[in-house]
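Below are the chains, spelled out letter by letter.
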Amino acid sequence: MNTITVSKTKINKEKGVVILPLKEYQKLCERAVPTYYLTGKAAIKADKLVKDGLREYEKGNIIEASSLKDALRIYESKKSKKR
């Protein structure tokens, strides 16, 4: 068995330590993200958005950006130029 050493000052600074088996940690992470089920018009709209996005991706229409905010800004500027 391996020994893990953690300093008392680190534990006090972080206000504790939790040790879990990896599978238990993964289960906790999965449950931390809420699951939403869309119905009606919202589901249809989301499906269309995903299909359009996948179609654009397959065509090679991608945007490289350092953040989602930058990507949305670039996307909107390209979208407005097409009109």
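Just above sits the structure.
Throughout this description, residue numbers start from 1 for each chain and increase along the sequence as written. The model is predicted, so local features are restricted to residues of pLDDT at least 70 and side-chain atom pairs to those at 80 or more, both for listing and for counting; the totals for chains, interfaces and linings are taken over all residues. Side-chain measures were taken over the full set of non-hydrogen atoms in the model, leaving aside hydrogen atoms and water.

**Student:** Sorry if this is basic, but what is going on with helix α3 (residues 40–59) here?
**Tutor:** Residue pairs three or four apart in sequence face the same way in an α-helix, which turns once every 3.6 residues. We count a stretch as a helix when DSSP gives it H or I for four or more residues in a row; a strand needs E for two or more, and each element gets its number in order from the N terminus. Helix span, expected: 1.5 Å multiplied by one less than the number of residues in the helix. Look at α3: 29 Å from first C-alpha to last across 20 residues, which is about the 28 Å you get at 1.5 Å a residue. Note on classification: 1.4 Å probe, protein chains only; a residue is buried when its accessible area is under 20% of the maximum for its type, exposed when over 50%, partly exposed between these limits. Among the 20 residues of α3, one are classified as buried, and the element is accordingly described as predominantly exposed. In the segment just after α3, G60 is the residue with positive phi, at about 95°.

**Student:** I keep staring at unusual backbone geometry and nothing clicks. Help me out?
**Tutor:** Peptide bonds are trans in most cases, and residues, glycine excluded, mostly fall at negative phi. Its identity is not glycine, yet K15 carries a phi of approximately 65°, on the positive side. For K15, the position within the fold is in the loop between α1 (8–14) and α2 (22–32).

**Student:** It is not clear to me how the environment of I4 should be interpreted in this structure. Could you clarify?
**Tutor:** As for its position among the elements, I4 is in the segment before α1. Spatially, the C-alpha atom of I4 lies 51 Å from that of E76, the residues being 72 residues apart in sequence.

**Student:** How should the pattern of salt bridges be read in this particular structure?
**Tutor:** Any two side chains of opposite charge can pair if their charged atoms end up close together. In what follows, salt bridge is the name for a side-chain nitrogen of Lys or Arg lying within 4 Å of a carboxyl oxygen of Asp or Glu. If you walk through the whole model with that rule in mind, you get four salt bridges. Its salt-bridge partner being E14, residue K10 comes within 3.7 Å of it at the nearest N-O pair. Of this pair, K10 and E14 are both found in helix α1, four residues apart, which corresponds to roughly one turn of the helix. Residue E14 is classed as partly exposed on the basis of its relative accessible area of 48%. A salt bridge links D70 to R73, with the shortest nitrogen-to-oxygen separation between them at 3.7 Å. Of this pair, D70 and R73 both sit in helix α4 (residues 68–82), three residues apart, which is roughly one turn of the helix. Judged by its relative accessible area of 24%, D70 falls in the partly exposed class.

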